[in-house]
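# Summary of structural features
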Protein chains: 2
Amino acid sequence: MLGKIGLEEHFAIAETLGDSEKFHPPGVWPALSRNLLDLMEIRLREMDENGMDMMILSLNSPAIQMIYEPQKAVEIAKKANDEMAEAVARNPKRFRGFAALPMQDPDAAIMEMHRAVKDLGCVGVLVNGYSQIGSPEKYVYLDDPMYRPFWAELEKLDVPFYNHPREPMPCNDKQIEGHPWLAGAAWTFGVETAVHTLRLMCSGLFDEFPKLKYILGHLGETLPFCIWRTQNRIEKEARGVPAKRPLPEYMAKNMWLTTSGQFRTAALLNTMMEFGSDRILFATDFPFEEVKDACDWFDACSVSDNDRLKIGRENSVNLFKLTGL
Amino acid sequence: MLGKIGLEEHFAIAETLGDSEKFHPPGVWPALSRNLLDLMEIRLREMDENGMDMMILSLNSPAIQMIYEPQKAVEIAKKANDEMAEAVARNPKRFRGFAALPMQDPDAAIMEMHRAVKDLGCVGVLVNGYSQIGSPEKYVYLDDPMYRPFWAELEKLDVPFYNHPREPMPCNDKQIEGHPWLAGAAWTFGVETAVHTLRLMCSGLFDEFPKLKYILGHLGETLPFCIWRTQNRIEKEARGVPAKRPLPEYMAKNMWLTTSGQFRTAALLNTMMEFGSDRILFATDFPFEEVKDACDWFDACSVSDNDRLKIGRENSVNLFKLTGL
């Protein structure tokens, strides 16, 4: 029997570890940092204890995306991908990887993507939202025209792209002023990644590259709940959006949604009602979430006998289909 | 048979009409502005044609909340409430109202709330998010300590408070730069109102005033989808949030959610699975949405025979229970 495969499971290297620290209070950091750096014992034990056959590894956030010197971003991305590849080589039956990419230099990102997929065996790429480029104050979203060649290469290479959360630009901080508990995964990460995804859809990206495979975590960062309304208002307000098709069509055709950090049946059902269980991929968000919490919920979760709403074994098969794992 | 009651149905007075114009392209504005100003023929015809017995009227957005001179805010709020009361008096079987409030001056807001409820017969109040106070650049959210006496009075008066969307502060604009179609109801309104509601819950407001009745439009501005995750992360990150209870408990106990602008069954089901159909209130968001679209969807929508998930006649009865209409 095929066990579960966890898609969004993070690690860190020495150079990127500190990036995750600011989102967590000192009390929880020792355990988190230890788990982020471990690519062996702790991780395998967690998996064994909870019926997770395989983890798809990816770097922590924002990591590469905040290294504003392009050359350094390239160097650290390579190092992270190499370390990940070594972990996969040590346990090829238990680990695979989604590559980190130095989006500060689109040509270098293309080269590193090729190297990671073809030489290192990565089954996808994971980018932490916008990149800071040249200076910490210059933020570039992935709908910027300079990334069109990257998306063209990604489509040709036919591997999935995971748009993973990072913190919004500092100009957005006033909205949660006085409420530090809303920073990060509790709230602002999801908004940032949702709006980034809306930018990509609205820009016409998926018209230009209709075969892109795009993954969102956290059951789609609220988009399954509200994309009908967003589309309805965009149509009614008729402001000349470049996208040629209704946004829910791109979500149905180009997107896959993972359960990372969203172990909630009502939200899962909403997502499956919109896009079908074929588009649901299992994920934990380890070590920020517990493998046990994700697995206990997922194993017990039974929402329907209907084919379109089935979950369980199928959601790991989905990942095989998506990545050619 | 009891027909539908639409809870979030807007009008404008001459002084506030222009506030809605910037969120809509010139092509749709003539019809919208005509419908906003009409408190008679157009509205009643829409209602008659679609089985809507009653509309609960409320002012457009941001209206009072953007009038940064407190004295002027008081004056315009009174005028709007008076004009609304006249419309209700002309058609008492078809209209009721939620009062606009000049939150720029909390004492004046309390006085106007009393006048609106006791003298004018308003069945609730509706505020468009944060207020600009003293200058256009000073934005004050409703979790500010200066509003605690207002919330105390609201609880005593036992009428519901509708937190209605407005645009985020300008400092947030960069997140959608180059994508004007994401401004307003398509995206940024909902984020703004969701985060405002999170601020209120996190501040301990509902611990201090446990009987507050708080309404959100658009099926809860994505919160039913993601509140489990927000709570999960707030707990895990342990940053000392003042709220004494888990946020989903406040939502279940203090909140009601309307269908305004969210005519989507999967999202409705998610919301009902979390909070029960008792907390769903029917609403259109007229004239920004069509009464026909809301009613056709709602009348056809059948999600379950289970009591907790029933919709239809019950959702208008809910409003009677909530407002003592």
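In what follows, the structure referred to is the one given above.
The notes below deal with the structure included here. Please read these numbers as outputs of a predicted model, since none were measured by experiment.

## Quick word on the overall build of chain A
When helices and strands are tallied, chain A shows 14 helices and 10 strands. The C-alpha radius of gyration computed for chain A amounts to 19 Å, which stays within 12% of the reference 20 Å derived for 325 residues, consistent with globular compactness. In the form shown here, chain A has an accessible surface area of approximately 11400 Å², with 53% of it arising from carbon and sulfur atoms.

## Observations concerning the sheet that holds strand S3 (residues 95–99) of chain B
Residues and elements named next belong to chain B. With respect to topology, eight strands assemble into an open sheet ordered S1-S2-S3-S4-S7-S8-S9-S10, the strand pairing being parallel. The sheet is open, and its two edges are formed by strand S1 (4–11) and strand S10 (280–281), each paired on a single side. Alignment of strand S2 (residues 52–59) against S3, held across three bridges, turns out to be parallel. Counted as the bridge partner of isoleucine 56 is arginine 96 from S3. Packing of helix H3 (residues 41–49) onto the sheet brings it into contact with S1, S2 and S3, and relative to S2 it is tilted by some 140°.

## So, the pattern of salt bridges
Summed over the entire model, instances satisfying the criterion amount to 36 salt bridges over all chains. The partner of arginine 239 of chain A in a salt bridge is glutamate 237 of chain A, with the nearest N and O atoms 3.9 Å apart. A cluster of three or more residues bridged by salt bridges with shared partners is formed by Arg233, Lys236, Glu237 and Arg239 of chain A together with Glu289 of chain B.

## Overview of the packing of helix H7 (residues 188–202) of chain A against helix H11 (residues 247–254) of chain A
Helix-helix packing is described using two parameters, namely the angle between the two axes and the distance between the axes. Residue and element names in this part refer to chain A. Two elements in contact, H7 and H11, have axes separated by 10 Å at closest approach and are oriented at 100°. The angle between H7 and H11 falls in the class roughly perpendicular. Facing Leu198, Met201 and Cys202 of H7, the residues of H11 in contact are Leu247, Tyr250 and Met251. Along the lines of polarity and charge, the residues of the contact of H7 with H11 split into six nonpolar, no polar and no charged.

## A look at the environment of methionine 55 of chain B
By the element assignment, methionine 55 of chain B lies in strand S2. A C-alpha to C-alpha distance of 29 Å links methionine 55 of chain B and aspartate 107 of chain B, two positions 52 residues apart in sequence.

## A word on the nonpolar core
Ranked by internal contacts, the top residues of the largest apolar core, which has 178 residues, are Trp151 of chain A together with Trp151 of chain B. When sequence neighbours within four positions are dropped, the list of residues in contact with tryptophan 151 of chain B reads Leu142, Phe161, Leu200, Leu205, Phe209, Leu212 and Tyr214 of chain B.

## Some remarks on the side chain of glutamate 167 of chain B
All names here are of chain B. Checked against the element boundaries, glutamate 167 lands in the loop between strand S7 (161–163) and helix H7 (188–202). The exposure class of glutamate 167 is buried, given its relative accessible area of 17%. Polar contacts involving the side chain of glutamate 167 include one to the side chain of arginine 166, which spans 3.0 Å. Not counting residues up to four positions away in its chain, the partners in contact with glutamate 167 are Phe23, Pro62, Tyr130, Phe189 and Glu192.

## Examining the packing of aromatic side chains
Within this structure, the stated rule accounts for 29 aromatic pairs over all chains. Ring centres of phenylalanine 23 of chain B and phenylalanine 189 of chain B lie 5.0 Å apart, and the angle between their planes is 80°; this geometry places the pair in the edge-to-face category. Of this pair, phenylalanine 23 of chain B sits in the loop between helix H1 (14–21) and helix H2 (29–37) while phenylalanine 189 of chain B is found in helix H7, placing the two residues 166 residues apart along the sequence. Here the aromatic rings of phenylalanine 161 of chain B and tyrosine 214 of chain B are separated by 6.0 Å at their centres, their planes lie at 20°, and the arrangement is stacked. Highlighted residues: phenylalanine 161 of chain B in strand S7 and tyrosine 214 of chain B in strand S8 (residues 214–216), separated in sequence by 53 residues. This pair shows no difference in class: phenylalanine 161 of chain B is buried, exactly as tyrosine 214 of chain B is. Among the aromatic residues, those joined into a cluster by ring pairs are Phe150, Trp151, Phe161, Phe206, Tyr214 and Tyr250 of chain A. Arginine 279 of chain A extends its terminal NZ or CZ atom over the ring of tryptophan 256 of chain A, reaching a point 3.9 Å from the ring centre.

## Regarding the environment of isoleucine 76 of chain A
All names here are of chain A. For isoleucine 76, the location among the structural elements is in helix H4 (residues 70–90). With a relative accessible area of 5%, isoleucine 76 lands in the buried category. In this structure the C-alpha to C-alpha distance between isoleucine 76 and leucine 268, which are 192 residues apart in sequence, comes to 36 Å. Each residue touching isoleucine 76, except ones within four places of it in the same chain, is listed here: Ile13, Glu15, Thr16, Ile64 and Ile67.

## Describing the packing of H7 of chain B against helix H10 (residues 223–237) of chain B
Residue and element names in this part refer to chain B. The interhelical angle for the contact between H7 and H10, taken along N-to-C directions, is 45°, at an axis separation of 12 Å. Overall, the two elements H7 and H10 adopt an arrangement that is oblique. Handedness of the crossing formed by H7 with H10: right-handed. Side by side, H7 and H10 meet where Ala194, Thr197, Leu198, Met201 and Cys202 of the first sit next to Leu223, Ile227, Thr230 and Ile234 of the second.

## What about the interface of chain B and chain A?
With 66 residues of chain B in contact, the opposing surface of chain A contributes 66 residues. Overall, the association of chain B and chain A removes approximately 6300 Å² of surface from exposure, summing both partners, and the carbon and sulfur fraction of that is 60%. At the junction of chain B and chain A, the tally comes to six salt bridges. At the junction of chain B with chain A, the criterion picks out 28 residue pairs in polar contact (both at pLDDT 80 or more). Residue assignment for the side of chain B that touches chain A shows that the elements contributing at least two residues are H7, helix H9 (218–221), H10 and helix H12 (265–275) of chain B. Here the side of chain B that touches chain A takes 12 residues from H10 of chain B, the largest share from any one element. Broken down by class, the residue content of the side of chain B that touches chain A amounts to 37 nonpolar, 14 polar and 15 charged.

## Focus on the sheet that holds strand S9 (residues 255–258) of chain A
Residues and elements named next belong to chain A. Pairing within the open sheet is parallel, and its eight strands lie in the order S1-S2-S3-S4-S7-S8-S9-S10. The outermost strands of the open sheet, each flanked by one partner alone, are strand S1 (4–11) and strand S10 (280–281). In this structure, strand S7 (residues 161–163) lies alongside strand S8 (residues 214–216), joined through three bridges in parallel fashion. Following the sheet pairing, asparagine 163 is matched in S8 by leucine 216.

## Here we look at the relation of the copies chain B and chain A
Note on the copies: chain B fits chain A at an RMSD of 0.0 Å, the axial shift is 0.0 Å, and the rotation between them is 180°. This pairing of chains is accounted for by a two-fold axis. Among all residues of chain B, the minimum C-alpha distance to the rotation axis is found for asparagine 172 of chain B, at 2.5 Å. Same-surface contact between copies: 100% of interface residues of chain B are shared with the interface of chain A.

Conventions and cut-offs
Residues numbered from 1 in each chain as written. Chains lettered and ligands numbered in written order. Predicted model: local features only at pLDDT ≥ 70, side-chain atom pairs only at ≥ 80, totals over all residues. Heavy atoms only, no water. Helix = DSSP H or I, 4+ residues; strand = E, 2+ residues; numbered from the N terminus. Rg over C-alpha atoms; globule rule 2.2 N^0.38 Å. Areas by Shrake-Rupley, 256 points an atom, 1.4 Å probe, with all protein chains shown as cover. Pairing = 2+ DSSP bridges. Contact = heavy atoms within 4.5 Å. Axes fitted to C-alpha atoms, helices over the stretch in contact; angles between N-to-C directions. Salt bridge = Lys/Arg side-chain N within 4 Å of Asp/Glu carboxyl O. Parallel < 35°, antiparallel > 145°, perpendicular 65-115°, else oblique. Nonpolar A, V, L, I, M, F, W, Y, C, P; charged D, E, K, R; others polar. Core = buried A, V, L, I, M, F, W, Y, C linked by side-chain atoms within 4.5 Å. Buried < 20%, exposed > 50% of the residue type's maximum accessible area, 1.4 Å probe, protein only. Polar contact = N/O pair within 3.5 Å; in protein donor to acceptor, adjacent residues only side chain to side chain. Phe/Tyr/Trp six-rings, centres within 6.5 Å; stacked < 30°, edge-to-face > 60°. Lys NZ or Arg CZ within 6 Å of the ring centre and 35° of its normal. Left-handed = near helix turned anticlockwise from the far one by under 90°. Buried area = accessible area lost by both parts, 1.4 Å probe. Least-squares fit on C-alpha atoms with pLDDT ≥ 70 in both.

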